[in-house]
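# Coordinates in review
Each chain, written out:
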Amino acid sequence: MKYVIVLGDGMADEPLEELGGKTPLAYAHTPYMDELAKMSEIGLAKTVPDGMKPGSDTANLSVIGYDPKENYTGRSPLEALSIGVDMKPTDIALRCNIVTLSEKDTSYENRTIIDHSSSEITTEDAAVLLEAVKKALETDIYKYYLGTSYRHLTIWDKGEVVELTPPHDILGRVIKDYLPEEKELREMMEKSFEVLNNHPLNIERAKKGLHKANSIWFWGAGTRPKLAAFEDKFGKKGSMISAVDLLKGIAVGARMKVVEVEGADGTLHTNYEGKAMAAVKELTENNQDFVYIHIEAPDEMGHQGSTVNKIKAIEYIDKRVIGVVKEQLHKQGVDYRMLIMPDHPTPIHLRTHTGNPVPFMLYDSTKKLENSWEYTEEAALKSGNLVKNGYEMILKLFEK
């Protein structure tokens, strides 16, 4: 038996008037999920424990089988593992987004955050801009490291875990009330605007109709993580397929195999088929027991408030990931169990995460169940099937 999780980041949503009261998941054309749902267990899983913030960090830790209350030390330290930064016990890791702030003639604190991803900036563009930031701001205390797209890392020597606001939580708001209380962090953010706003690359980006990547933004502070090895914990050899440093970092921390896929970039236009075929190869050729396929696109479209593109992302996952995995494993005669779910909701109308339970669908190719439901938030709720501890979902997947 082989095991697969297809994780549509932020895929769950709330009913939208523009969709006739349906969610994007219910509205999307998803023939593969609809077919599999008839032969699957469905329900809701609470992936974010009470009292914890609903982030992809806590939620994905849950889905992969680690209790966030016991294992979470911050988001950025997990990303540091992916980037290859060996944190000292006294180091604090900070996520360093490159964001878009308004340019109107005002003080830094009175600017508005327009885009947390700077038009989903490419890693190549981000590298140029981060290098300019490094030259202007890096010291022996604060070191900057390139990540992926808009997601980068700062290591603060002998720092402290301070309360910081995720930029995607305050889109469209004036930043004054959300800036760090730590003076040096705040000053670096302010100086970065001076460095970046009129950088030649940003001038060119603006001419192309792209948002300027004109400020860094710190958040997600944490200390060096300690995760038990996945194989020791569950007795399964696992592989991670994701474009996002957070997920790769969780895998590194859990001593799972990280599989790089060309063209996987965490955007709506990621290499869906490449991820799917890489997963099939891990299971059928590379002797892995379990593969975690993470797709960031629905979450990004939720943050952008784009209903059309969130639906498109869900349809791409259905056809170009789930469909490919299903058909390839069936063609090769492989018995498998596949869990399909989001990590958390990212409702279009909020443009940020919530901690509400998420719908899951668990399919077993060796069991021919016959049900009438489809895979939607409403059907999952009506099932009455609730997994109160999201980190126990993986035990359901691994059940015989």
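Presented here is a report on the structure given in the accompanying data block. Being a predicted model, the structure only gives us computed values, none of them experimental. (Residues numbered from 1 in each chain as written. Predicted model: local features only at pLDDT ≥ 70, side-chain atom pairs only at ≥ 80, totals over all residues. Heavy atoms only, no water.)

Our focus in this paragraph is the overall build of the protein. Across its full length, the protein holds 15 helices and 13 strands. Computed over C-alpha atoms, the radius of gyration of the protein comes to 21 Å, within 12% of the 21 Å expected from 2.2 N^0.38 for 400 residues, which places it in the range of a compact globule. The burial tally for the protein puts 58% of its 400 residues in the buried class. For the protein, the proportion of contacts with a sequence separation of at least 24, taken over those separated by at least 6, is 75%. Of the roughly 16,300 Å² of accessible surface on the protein, a fraction of 47% belongs to carbon and sulfur atoms. (Helix = DSSP H or I, 4+ residues; strand = E, 2+ residues; numbered from the N terminus. Rg over C-alpha atoms; globule rule 2.2 N^0.38 Å. Buried < 20%, exposed > 50% of the residue type's maximum accessible area, 1.4 Å probe, protein only. Contact = heavy atoms within 4.5 Å. Areas by Shrake-Rupley, 256 points an atom, 1.4 Å probe, with all protein chains shown as cover.)

This brings us to the sheet that holds strand β13 (residues 386–387). In a beta sheet, neighbouring strands are held together by backbone hydrogen bonds and run either parallel or antiparallel to one another. Spatially, the eight strands line up as an open sheet ordered β9-β8-β10-β1-β11-β12-β2-β13, and their pairing is mixed. At either margin of the open sheet sits one strand with a lone partner, and together these are β9 (257–259) and β13. Sitting on the sheet, helix α11 (residues 272–284) is in contact with β1 (2–8), β8 (238–241), β9 and β10 (290–295), with an inclination near 170 degrees to β10. (Pairing = 2+ DSSP bridges. Axes fitted to C-alpha atoms, helices over the stretch in contact; angles between N-to-C directions.)

For strand β2 (residues 40–45), a buried count of five out of six residues is recorded, marking the element as mostly surrounded by other parts of the structure. Two elements, β2 and strand β12 (residues 358–364), share six bridges in a ladder whose sense is antiparallel. By the bridge assignment, A45 is partnered in β12 with V358. As paired elements, β2 and β13 share two bridges and run parallel to each other. Among the inter-strand pairings, L44 is bridged to a residue of β13, identified as L386.

What follows covers helix α12 (residues 297–304). Counting buried positions along α12 yields seven of eight residues, so the element is predominantly enclosed. Within α12 the residues assigned to the buried category are A297, P298, D299, E300, M301, G302 and H303. Contact partners of the buried residues in α12: β1, β6 (151–156), α11, β10 and α13 (307–331). Positive phi shows up at G305, right after α12, with a value of about 70 degrees.

Within the largest apolar cluster, 79 residues are counted, with the highest numbers of intra-cluster contacts made by V6, F230, F290 and M341. The element that contributes the greatest number of residues to this core is α13, accounting for nine residues. What F230 contacts, discounting residues up to four positions off in sequence, is I64, Y66, G235, K236, G238, A254, M256, F290, I394 and F398. Residues I175, M189, F218 and A221 belong to the second largest nonpolar core, which totals 36 residues. (Core = buried A, V, L, I, M, F, W, Y, C linked by side-chain atoms within 4.5 Å.)

Moving on, we get to helix α3 (residues 56–63). By the criterion of burial, α3 is predominantly enclosed, with eight of the eight residues buried. Listed as buried for α3 are S56, D57, T58, A59, N60, L61, S62 and V63. Directly beyond the C-terminal end of α3, a positive phi value near 105 degrees is found at G65.

In this section: the packing of α3 against helix α10 (residues 245–253). When two helices pack together, their arrangement is given by the angle between the helix axes and the distance between those axes. Packing of α3 against α10 leaves a shortest axis separation of 10 Å and a crossing angle of 45 degrees. The angle between α3 and α10 falls in the class oblique. Relative to α10, α3 is oriented so that their crossing is right-handed. Contacts from S56, D57, N60 and L61 of α3 reach α10 at L246, L247 and I250. Its residues assigned to classes, the contact of α3 with α10 shows four nonpolar, two polar and one charged. (Parallel < 35°, antiparallel > 145°, perpendicular 65-115°, else oblique. Left-handed = near helix turned anticlockwise from the far one by under 90°. Nonpolar A, V, L, I, M, F, W, Y, C, P; charged D, E, K, R; others polar.)

Moving on: the pattern of salt bridges. On inspection of all chains with the given rule, the structure shows 24 salt bridges. One salt bridge in this structure joins K396 and E41, with 2.8 Å as the shortest N-O distance. Placement of the pair is K396 in helix α15 (residues 393–398) and E41 in strand β2, with a sequence separation of 355 residues. For E109, the salt bridge is made with R186, and the minimal N-O distance between the two is 2.8 Å. In this pair, E109 is assigned in the loop between β3 (92–101) and β4 (113–115) and R186 in helix α7 (residues 183–196), connecting sequence segments 77 residues apart. Looking at R186, the relative accessible area reads 24%, which means it is partly exposed. (Salt bridge = Lys/Arg side-chain N within 4 Å of Asp/Glu carboxyl O.)

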